Amino acid sequence: MTDAGTDQIAAPDRTCGEGPHDRLVLRNVTVIDGTGAAPYGPADILIEGNRITGIWETSSSASLTERPAAEGAVEMDLSGHYVLPGIVDSHGHIGNTQQAPNSEYVYKLWLGHGVTSVREVGAFNGLDWTVREAQRSDRGEIAAPRIHVYPAFRPGPAGSAPILTAQDAVVWVNDVAERGAKGVKFFAASPVTFSAALEELARLGLGSACHHDQRRASQVNALTSARWGLGSIEHWYGMPEAMFRDRTVQHVPAGYNHNYEPDRFAQGAHLWLQTAERGSKAWEQTLEEFLQLGTTLSPTFNIYIGSRDAARVRSSEWHEDFTAPVLWDFFQPSEENHGSYMGDWGTEQEVAWRHAYAKWMSFVNDYKNLGGRVTAGSDSGFIYKTFGFGIIEELELLREAGFQPLEVIRAATLHGAELMGIAEETGSVEPGKLADLMIVDEDPLANLKVLYGHGHLRLTDDGLHRVGGVKYTLRDGIVYDAHALREDVKHLVRSLKEAKEEGIPLHSHPE
Ligand SMILES: [Zn+2]
C-alpha cells in the first residue's frame, strides 16, 4: 500500500551546514551533558566525523599537552559557550500546506532552535513522503533533524481496507513497518485493534504513542493502553479518566458536542477538575502503575497554553518575524481548522484552564519525582504555536511544573532519546555518541529564554539588546549556523508577506 501523498513541498538539497569534518575541536566550552549531571568546564570536545571521540576537561589533572591536537583539525574557540545535547522533540509535525509554506521552513526553525531529533507523530503528509524526508535527512542531503515517522493508526487512502479486527491491525502494522515507520500514533482505536497493534509493535521492536481521543476514553484510558504496552501518553487526555473514582465517565454539560472544538477544549479543563485530587490513593496508584509499566509522559504543555491566556499566544513576540502568513491564517479562530477554537474564549474558560494546568503539571512533576520518564514535545503548527519556539516554551513549562533546570534539559534530550530508542547513539554529550549538539553563548540553566530564536531581551549599560538564541546546532557532525538558519526563515516570511500584499498566491509548487 502506498499513500496518496501530500501537496507539501519536500526540502531542497542541502546548501547550508559545514562538515562533518574529519576532526573538529570545540575549545573551552562548558558542558551540560543531558544526563542530569551538573555542568562542567572548561572542556575541549573532539569530534571525528559524526561522532564525539573525546572530551578533555582542561581544569582537571589532564595537562594541556593531552588536549586534542589542533593539527589538521577544524577548531572553534567557544570560550563562554555552553554545549548541550541537541533537543529531542517527542511530538512534532512537519505541517501541511495550511501550516507551513514548505517543509524547509519547519526544518530550519527546528534546527535553528537546537532540535536534532523529532518523533513525527501522525505523518499527516503521508507515510511514504515523510519517510523519504527522514531518509534524505539521515543521508545529510537536506538540512533537517533526524525524523522518526509514526503514522496515524488508520486506513490508508480512500478505498483501503478498514482496520476492524485484530488481524487487520497486525497486517496494517507490518505494512507501515516495511515502509519505514519507527512507531505508530494512536487516537481512538477500538480496544481489539489497539491492543493487537501494540502487541505487534512490541514484537517488531517499534514505538507507540497515543492521544487518547475522548470519544474512546470511556473504554480505553491511558492506563488501559499502558497495560497493553503503550510507549508514550501524548498531551493530557486519558490520564484524568484513569483516576476517576466518583464517576466512570466525564460529566459534560447538556448540549455538548465533541466535534465542536470550542466545547471540547473548554470542557477539557473540567476533566482535570473532575478527577482525583493530588496525593489521593487513586493519584498515587495511577502514577505507581505507569512507573511499573515504564510508560513515558509526553505532555506538550505548550500547545494548549493559549487556553489559559489567549491574548499572550496571539501576541507572541516572534510572530512578526517567524510565523509564515499561511500559518497565521490557520491559527485564526474558525470552525474548520483544528485547534482554532478560541473564537469566543473568555475569563471562565481561561480560569478553568489555569486550575487544570496546576493539577496536570503536579501530576507530571510527581511522576518525574517517582522516577518516571517525561519528555519534551512541541506539537507546533496549531493554536498559535510556531515551529521551534514551541519546544523552547515547553522547556519553560516543564520548569514551571517543578522540574529543576537540569531535569528540564534531561527531559528534552536523554529521556527523549530513550523514548525514541536511540539513547545509545544520541541524547547526551559523551564520548562515543553522535555529535548531535547545540551551542549557546548564554547559560540556559539560568534562563531558558536564551534558547528562543528571537533571543532574550536584556537591558545593559549600552542599551536594550537581544541576547542568546542557539548559536550552532550540530546534527551528525554537520555544523549549522543556527542564527543564519533563522535569518533564512525571517527572509522567507518577509517575502511571503510581501507576496501576499501584492496578491501573489502564497503557496505554489516549484515548476
Ligand atoms: Zn500532535
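Note that this is a predicted model, so its numbers are computed, not measured.

(A) Here's a closer look at the side chain of Thr116. Tracing the sequence through the fold places Thr116 in strand 7 (residues 115-122). Look at Thr116 and you get buried, because its relative accessible area is 1%. Beyond its immediate chain neighbours, meaning those up to four positions away, Thr116 contacts Gly86, Ile87, Pro145, Arg146, Asp436, Leu437, Thr473, Leu474 and Arg475.

(B) Just the coordination of the zinc ion, in detail. Surrounding the zinc ion are the protein donor atoms His91 (NE2), His93 (NE2) and Asp379 (OD), which sit 2.1 to 2.2 Å from the metal. Each donor residue of the zinc ion belongs to the same chain, and together they define the spacing H-x1-H-x285-D. The same class applies to His91 as to His93, namely buried.

(C) Here's a closer look at the domain arrangement of the protein. In terms of domain boundaries, the protein breaks down into domain 1 (24-84 + 429-499) and domain 2 (86-420). Centre-to-centre separation of domain 1 and domain 2, based on C-alpha positions: 29 Å. The three residues of domain 1 that bury the most area against domain 2 are Leu448, Tyr452 and Arg475, which together make up 21% of that side's buried surface. Scanning the region where domain 1 abuts domain 2 turns up six salt bridges. The partner of Lys449 in a salt bridge is Glu396, and the shortest N-O contact between them spans 2.8 Å. Linking domain 1 to domain 2 there are 16 residue pairs in polar contact (both at pLDDT 80 or more). Of all the secondary structure elements, the ones that give two or more residues to the side of domain 1 that touches domain 2 are strand 14 (437-440), strand 17 (472-475), strand 18 (478-481) and helix 16 (482-501). Looking at the side of domain 1 that touches domain 2 element by element, the count peaks at 10 residues for helix 16. Here the residues of the side of domain 1 that touches domain 2 sort into 22 nonpolar, six polar and 10 charged.

Calculation rules
- Residues numbered from 1 in each chain as written.
- Predicted model: local features only at pLDDT ≥ 70, side-chain atom pairs only at ≥ 80, totals over all residues.
- Heavy atoms only, no water.
- Helix = DSSP H or I, 4+ residues; strand = E, 2+ residues; numbered from the N terminus.
- Buried < 20%, exposed > 50% of the residue type's maximum accessible area, 1.4 Å probe, protein only.
- Contact = heavy atoms within 4.5 Å.
- Donors = N, O, S within 2.8 Å, 3.2 Å for Na, K, Ca; no water.
- Domains from an automatic or database assignment.
- Buried area = accessible area lost by both parts, 1.4 Å probe.
- Salt bridge = Lys/Arg side-chain N within 4 Å of Asp/Glu carboxyl O.
- Polar contact = N/O pair within 3.5 Å; in protein donor to acceptor, adjacent residues only side chain to side chain.
- Nonpolar A, V, L, I, M, F, W, Y, C, P; charged D, E, K, R; others polar.

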